[in-house]
Amino acid sequence: MIDLHTHSTASDGTLSPTELVQHAASAGIRHLALTDHDSVSGINEAQAAADQLGIQLIHGLELSVTWSKRTLHIVALNVDIHNVKLNAALTEVLTARQSRAQFMAERLAQHGIEGALEGAQRHAKSTLIGRLHFAKFLVETGHAKDIRQVFKRFLVQGKPGYVSGQWMPLEEGVELIHQAGGIAIIAHPARYKLSRTKLRGLFSEFKALGGNAIEVISGSQSKDENHAMALHALDFDLPASQGSDFHGPEKPWVQLGHMPEMYYRCQPVWQNTEGRLTF
Ligand code: AMP
Ligand code: MN
Ligand code: MN
Ligand code: MN
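Residues numbered from 1 in each chain as written. Chains lettered and ligands numbered in written order. Predicted model: local features only at pLDDT ≥ 70, side-chain atom pairs only at ≥ 80, totals over all residues. Heavy atoms only, no water.

A. Looking closely at the packing of aromatic side chains. With the rule as written, the count across this model stands at 1 aromatic pair. Over the ring of Trp67 we find Lys198, and its NZ or CZ is 5.2 Å from the ring centre. (Phe/Tyr/Trp six-rings, centres within 6.5 Å; stacked < 30°, edge-to-face > 60°. Lys NZ or Arg CZ within 6 Å of the ring centre and 35° of its normal.)

B. Just the coordination of the manganese ion (ligand 4), in detail. Listed as protein donors to the manganese ion (ligand 4) are His5 (NE2), His7 (NE2), Glu62 (OE) and Asp245 (OD); their distances from the metal cover 2.1 to 2.2 Å. Here the donor residues of the manganese ion (ligand 4) share one chain and are spaced in sequence as H-x1-H-x54-E-x182-D. (Donors = N, O, S within 2.8 Å, 3.2 Å for Na, K, Ca; no water.)

C. Here's a closer look at the coordination of the manganese ion (ligand 3). Protein coordination at the manganese ion (ligand 3) comes from Glu62 (OE), His73 (ND1) and His188 (NE2), with a distance range of 2.1 to 2.2 Å. All donor residues of the manganese ion (ligand 3) come from one chain, and their arrangement in sequence is E-x10-H-x114-H. Between the manganese ion (ligand 3) and the manganese ion (ligand 2) the interatomic distance comes to 5.7 Å. Of this pair, Glu62 sits in strand S3 (residues 56–67) while His188 sits in the loop between strand S6 (183–186) and helix H8 (196–208), and the two are 126 residues apart along the sequence. The class for Glu62 is buried, based on a relative accessible area of 1%. What makes His188 buried here is its relative accessible area of 1%. (Helix = DSSP H or I, 4+ residues; strand = E, 2+ residues; numbered from the N terminus. Buried < 20%, exposed > 50% of the residue type's maximum accessible area, 1.4 Å probe, protein only.)

D. Here's a closer look at helix H1 (residues 17–26). Taken together, the buried positions of H1 are occupied by Pro17, Leu20, Val21 and Ala24. The arc that holds the buried residues of H1, viewed along the axis, is 95°, so those residues lie on one side. Taken together, the buried residues of H1 touch strand S2 (31–34) and helix H2 (43–53). Looking at the residues trailing H1, positive phi occurs at Gly28, about 90°. (Arc of directions from axis to C-beta. Contact = heavy atoms within 4.5 Å.)

E. Highlighting the pairing of strand S4 (residues 70–77). Buried residues dominate S4, accounting for 6 of its 8 residues. Relative to S4, S3 runs antiparallel, the two being bridged by 8 bridges. Directly across from Leu61, in S4, lies its bridge partner Ala76. Where S3 hands over to S4, the hairpin turn is made up of 2 residues, of which Ser68 adopts a positive phi near 50°. Pairing between S4 and S6: 4 bridges, direction antiparallel. Counterpart to Ile74 in the pairing with S6 is Ile186. (Pairing = 2+ DSSP bridges.)

F. Spatial organisation of the pairing of strand S7 (residues 213–218). Counted residue by residue, S7 has 6 buried out of 6 residues, so it is predominantly covered. Two elements, S6 and S7, share 2 bridges in a ladder whose sense is parallel. The residue of S7 that forms the bridge with Ile185 is Ala213. Following the chain from S6 across H8 to the adjacent parallel S7, one finds a crossover that is right-handed. Judged from the 4 bridges that link them, S7 and strand S8 (residues 240–243) form a sheet pairing that is parallel. Paired with Ile217 across the strands is Gln242, a residue of S8. Read as a crossover between parallel neighbours, the route from S7 over helix H9 (residues 223–235) to S8 is right-handed. (Right-handed = clockwise from strand over helix to strand, strands pointing away.)

G. Seen up close, a positive patch on the surface. There is a patch of like positive charges on the surface, built from Arg148, Lys152, Arg191 and Lys251. Tracing the sequence through the fold places Arg148 in helix H6 (residues 147–155). (Patch = residues over 30% accessible without salt bridge, like charges linked within 9 Å, V, L, I, M, F, W, Y side chains within 5 Å. Areas by Shrake-Rupley, 256 points an atom, 1.4 Å probe, with all protein chains shown as cover. Salt bridge = Lys/Arg side-chain N within 4 Å of Asp/Glu carboxyl O. Lys, Arg positive; Asp, Glu negative; His and termini not counted. Charge placed at Lys NZ, Arg CZ, Asp CG, Glu CD.)

H. Layout of the side chain of Asn226. Its location among the elements puts Asn226 in helix H9. Among the polar contacts made by the side chain of Asn226, one reaches the main-chain amide nitrogen of Ser218 at a distance of 3.3 Å. Reaching out from Asn226, the side chain makes a polar contact with the side chain of Gln221 at a distance of 2.9 Å. When sequence neighbours within four positions are dropped, the list of residues in contact with Asn226 reads Val216, Ile217, Ser218, Gln221, Pro260 and Tyr263. (Polar contact = N/O pair within 3.5 Å; in protein donor to acceptor, adjacent residues only side chain to side chain.)

I. Here's a closer look at the nonpolar core. Within the largest apolar cluster, 70 residues are counted, with the highest numbers of intra-cluster contacts made by Leu32, Val79 and Val216. Looking at this core, the element that brings in the most residues is S3, giving 6 residues. What Val216 contacts, discounting residues up to four positions off in sequence, is Gln221, Asn226, Met229, Ala230, Ala233, Ala240, Ser241, Met262 and Tyr263. Ranked by size, the runner-up nonpolar core spans 19 residues in total, among them Met104, Phe134, Phe137 and Leu155. (Core = buried A, V, L, I, M, F, W, Y, C linked by side-chain atoms within 4.5 Å.)

Listed below in structure tokens is the structure:
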């Protein structure tokens, strides 16, 4: 069992890195990538737990980037978490996230919702703050019935709590991952709601930049979307990755390692050498 996209409290997941690895081990996962948003701060703790439980931990992150005025997510696997340029860039993203959070709270206050920054920060278990932390605060204070509704009403473009993120351009992100020894994978490509032409433009540009793979199977995509992404991966001759995008046990429809088998015609982004994945 292979899960190459998961979150912990080092970003917007609800399990600590140790709990996540324990949860993965009991779900039968043998190869787990921790891919927190814009952070590798959970990796050391997760590695210690993985060593104890005998599962392979792949060091990763999910980098936020801008492409064609949109936010995209790039899953990076196999990065050197001590890489100096990577850490410097992630520190900048952390700062940008903090100022975005302040703006978000101000916009919500103008809308009559006070205390959002403190409220969101209570849900953030590390220094990294994101929209899901605000979403949890807004649900808890009764501004929406669930997380899905809160995003629709408050946290997406055109809504009162939305402030666009200031991320690095896609090409810079791919380069940053590569120079840290990692591989770059377009996360959940169907989630961006791009037209077919635009999506194909993204894949060809990504490939030209040296991008390594497409996340074909994702807990953030439907079965039909996974299938469509498999066809694109074949078409562009890009290897395929798979990940649950697990954020915590409270979203029961997204469970660790619960994924269909990789499409047999797709080339997996990993090689399995005597029970260890390499990339
Ligand atoms: P951020 O990186 O701070 O902009 O937050 C993005 C995160 O918010 C994603 O990784 C998801 O965890 C969460 N998210 C975004 N859109 C939705 C949605 N419609 N429903 C639930 N969670 C969402
Ligand atoms: Mn998230
Ligand atoms: Mn994502
Ligand atoms: Mn994710």
